[in-house]
Amino acid sequence: MTVAAEPEALLSHLHKADGSATYSYAGYTVIGAVNGPIEAQKRDELPEEAIIDVVVRPAAGVGGTRERHLESLLQSTLRQIILVNNFPRTLIQIILQITVAPENEYINGKLVQANVNLPVVPALLQAAILSLLSASIPLTATLTSTSLAIISEDGQRRTVTNPTARQVEQSQSFHVLAFTSQSELILAESEGAFTMKEWDDVYSAAQKQCCTTTTVDDTDTIMDEGRSTDMPDLKRFIRSTVEQKTASDLYWK
Amino acid sequence: MATQSSLTLSSATFAKLSPHPYLLANLQPTDASTPSSRTNGRQPTQARPPAINTSSLTHAHGSAVVRTGDTTAVCGVRAETLTTSQIPNYRAPLSSISTSSITASTDELRYYDLLVPNIELATGCAPNFLPGVPPTTLAQTLSTRIYSLLHSARILEAADLRIYHEKSHNIGEGDEAMQDAEGGDVDVGGDAREVKAYWVLYIDILFISLDGNPFDAAWAAVLAALRDTKLPRARWDADREMVLCSRGEAPVPLSITGFPIACTAAVFTAKDRLKQSQSRRDGGEVGSFWILVDPDRFEESLCDESVTVVVDRSEAGAETKILGLEKSGGTVVGPEVIRRFVQVAEGRWQEFRDAF
């Protein structure tokens with residue numbers, strides 16, 4: 001199964017939702033829809049800020065405990081970047097539907113899984129960010145997120161970014177990191193056995209992918225020599241997607 | 001209520017009316033003579049000492065009660081048999097000699113759901129967890145995290161949970177035993193054993209009282225209960241086609257590899273999110289923050305961000321192994337803070353090691 005080498009996104013394709021986006025990368029495709037700020041239930045509303053409600057639906061079956069865990073992770077992350085104090089006593093609803101997930105044909109797949117589903121978190125976060133941008137919800141920053149695995153081959157340990165499902169299964173440890181557009185670490189989830197030194201290597205590899213190290217001038221794009229050509233620049237991707245959408249919307253103006 | 005001057009409040013009233021400034025005033029006292037501390041009297045890196053009691057439940061195969069301050073968790077491990085005929089898509093393990101790697105062992109634990117942890121919070125342990133309510137998001141999240149850590153930490157061996165059918169007396173019959181089409185594993189040594197059933201461990205964690213930091217207590221309770229678990233010796237009886245346990249022989253303890261311990265901290269910031277991001281954009285500092293290790297319910301309600309690290313220092317002489325790292329809810333904690341927190345977690349590991 002060929003894995004998409006470049007991320008792809010489609011903005012504002014759902015007409016009934018306030019904002020929507022479909023994001024695909026590394027075998028995952030997630031459709032996100034955002035509604036908000038809308039009226040909240042009286043028993044849930046907060047007097048000084050908006051409530052963020054995240055709903056995650058898996059590719060197959062109805063959500064179980066692992067989706068609740070993903071929802072609580074995303075809710076605590078997105079609450080930090082959405083300007084909730086602008087909309088007291090309202091609800092901002094973010095719905096994420098996973099439509100495609102990479103299959104690992106070697107494992108005994110079950111429909112109902114109880115363990116944490118970390119590999120899908122970067123795709124969920126990116127889809128959520130693009131949906132929020134499409135819905136014009138005020139944000140303090142955008143997020144970029146990536147996943148890495150430490151695989152041991154012939155006694156050597158090496159770090160792999162965006163590992164395939166098979167590589168995740170065989171890895172010593174698997175890590176997901178998310179950074180804000182101000183290059184701060186907002187989410188770090190790791191499982192497996194590793195040392196602090198390995199985590200530092202993972203952190204610097206993730207930072208290199210998520211946070212651009214060179215400034216992009218409007219007239220002259222500087223190519224970063226240190227960046228390997230096969231790692232897409234996620235921050236620039238979000239920016240260019242929204243730029244294209246805005247340009248096509250303003251075409252008749 | 002005692003008469004008070006209209007301008008002064010008792011500290012309990014102050015805590016109820018404005019909790020955030022109350023905790024801030026404790027951590028950052030205005031006059032230099034008062035020492036800074038948390039509202040419960042602890043230092044920011046001081047955790048509550050754990051107390052562990054094992055084998056308290058009579059009808060469970062293993063049990064433990066863990067108390068850290070006012071957070072008390074009871075864990076009971078009960079083993080039930082599951083025959084391989086009841087497992088859909090069952091595949092016999094490739095070889096009974098452990099040439100199979102660790103991943104093959106965890107595959108059995110994962111594929112056949114041999115470990116079933118469950119966390120029950122709706123026991124009246126805290127005012128917002130009254131009994132009779134369906135599991136809240138917190139309970140479901142904790143169950144998922146405990147399940148994940150139980151498998152990724154690889155503390156249990158699937159071989160301990162297998163129940164064999166000894167076919168050694170059949171070897172004399174020649175072909176039939178060796179060419180068992182069911183996939184019975186034939187040992188190089190010669191005694192044919194076939195896995196006919198598994199022990200499934202039902203790990204139930206109940207919270208008697210909850211005063212913050214449920215994950216650390218739940219994980220310690222699971223680890224203590226598993227170390228205490230002893231399974232009866234069991235074999236498959238071909239005539240009655242069921243698992244028979246031996247009453248005379250002593251029960252077998254599980255083999256636990258490693259000693260992972262979880263340590264959680266909440267991050268308390270002086271300024272709220274919005275003012276922090278504004279000050280950062282203007283080139284100012286992050287603003288003062290405190291890492292409160294082992295937070296209680298009051299502190300958890302005031303903190304957005306939390307960090308959890310699971311460390312294992314049981315291998316003498318080797319570097320500290322980290323078996324899990326979770327950080328979410330804010331941008332204050334960066335790699336340097338995580339590094340310092342891992343050192344605090346190492347100290348916490350030693351506290352739990354001594355308490356066991």
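Owing to the predicted nature of the structure, the values given are computational and were not obtained by experimental measurement. (Residues numbered from 1 in each chain as written. Chains lettered and ligands numbered in written order. Predicted model: local features only at pLDDT ≥ 70, side-chain atom pairs only at ≥ 80, totals over all residues. Heavy atoms only, no water.)

J.: Got a minute to help me understand the overall build of chain A in this structure?
T.: Looking only at helices and strands, chain A has five helices and nine strands in total. Its helices and strands in sequence order give chain A the pattern β-β-β-β-α-β-α-β-β-α-β-β-α-α, from N to C terminus. Residues classed as buried in chain A amount to 50% of the 253 residues present. Across chain A, contacts joining residues at least 24 apart in sequence account for 66% of those joining residues at least 6 apart. Summed over its atoms, the accessible surface of chain A is roughly 12300 Å², and 50% of this surface lies on carbon and sulfur atoms. (Helix = DSSP H or I, 4+ residues; strand = E, 2+ residues; numbered from the N terminus. Buried < 20%, exposed > 50% of the residue type's maximum accessible area, 1.4 Å probe, protein only. Contact = heavy atoms within 4.5 Å. Areas by Shrake-Rupley, 256 points an atom, 1.4 Å probe, with all protein chains shown as cover.)

J.: Looking at this structure, how should I read the overall build of chain B?
T.: Scanning chain B from N- to C-terminus turns up nine helices and 14 strands. Each of the 356 residues in chain B was classed as buried or not, and the buried ones make up 47%. On chain B, roughly 17400 Å² of surface is accessible, and the fraction owed to carbon and sulfur atoms is 51%.

J.: Just checking my understanding: could you explain the sheet that holds strand β5 (residues 90-100) of chain A for this structure?
T.: Strand pairs in the sheet, formed through backbone hydrogen bonds, run parallel or antiparallel to each other. Residue and element names in this part refer to chain A. Taken together, the five strands give an open sheet; going across it, the order is β1-β2-β3-β5-β4, and neighbouring strands pair in mixed fashion. On the outer flanks of this sheet lie β1 (8-11) and β4 (51-57), each paired with one strand and no other. This sheet shows a mean twist of 15° between the axes of neighbouring strands, independent of strand direction. In terms of strand pairing, strand β2 (residues 19-25) meets strand β3 (residues 28-39) through seven bridges, oriented antiparallel. Bridge pairing in β3 links Tyr23 to Val30. (Pairing = 2+ DSSP bridges. Axes fitted to C-alpha atoms, helices over the stretch in contact; angles between N-to-C directions.)

J.: Teacher, can you tell me more about the packing of helix α2 (residues 121-134) of chain A against helix α5 (residues 234-249) of chain A here?
T.: Residue and element names in this part refer to chain A. The interhelical angle for the contact between α2 and α5, taken along N-to-C directions, is 30°, at an axis separation of 11 Å. By the angle class used here, α2 and α5 are roughly parallel. Crossing hand, α2 versus α5: right-handed. For the pair α2 and α5, the contacting residues are Gln126, Ile129, Leu130 and Leu133 in the first and Leu234, Ile238 and Val242 in the second. A breakdown of the residues in the contact of α2 with α5 according to their chemical character gives six nonpolar, one polar and no charged. (Parallel < 35°, antiparallel > 145°, perpendicular 65-115°, else oblique. Left-handed = near helix turned anticlockwise from the far one by under 90°. Nonpolar A, V, L, I, M, F, W, Y, C, P; charged D, E, K, R; others polar.)

J.: Help me understand the interface of chain A and chain B in this model?
T.: Counting residues at the interface gives 42 residues for chain A, matched by 37 residues for chain B. Here chain A meets chain B over a buried area of about 3500 Å², counting both sides, of which 53% is carbon and sulfur. Linking chain A with chain B are two salt bridges, by the criterion used here. Among the ionic pairs, A:Asp200 bridges to B:Arg339, the shortest N-O distance being 3.0 Å. Broken down by secondary-structure element, the contributors of at least two residues to the side of chain A that touches chain B are α1 (65-81), β9 (185-194) and α4 (196-210) of chain A. Take the side of chain A that touches chain B: its biggest share by element is 10 residues, from β9(A). As paired elements, β9(A) and strand β14 (residues 321-328) of chain B share five bridges and run antiparallel to each other. Residue A:Ala188 lies in a different strand from β14(B), and its bridge partner there is B:Lys327. (Buried area = accessible area lost by both parts, 1.4 Å probe. Salt bridge = Lys/Arg side-chain N within 4 Å of Asp/Glu carboxyl O.)

J.: Looking at this model, I keep getting lost on unusual backbone geometry. Mind explaining?
T.: Backbone phi values are negative for most residues with the exception of glycine, while trans is the configuration of most peptide bonds. Residues and elements named next belong to chain A. In the segment running from Gly36 into Pro37, the intervening peptide bond is cis, with an omega of -10°. Relative to the helices and strands, Pro37 resides in strand β3. Non-glycine residue Ser12 carries a positive phi angle of around 50°. Here Ser12 shows up in the loop between β1 and β2. Its identity as a non-glycine residue notwithstanding, Arg89 has a phi of 60°, on the positive side. With respect to the element layout, Arg89 can be found in the loop between α1 and β5. Look at Arg89 and you get partly exposed, because its relative accessible area is 48%.

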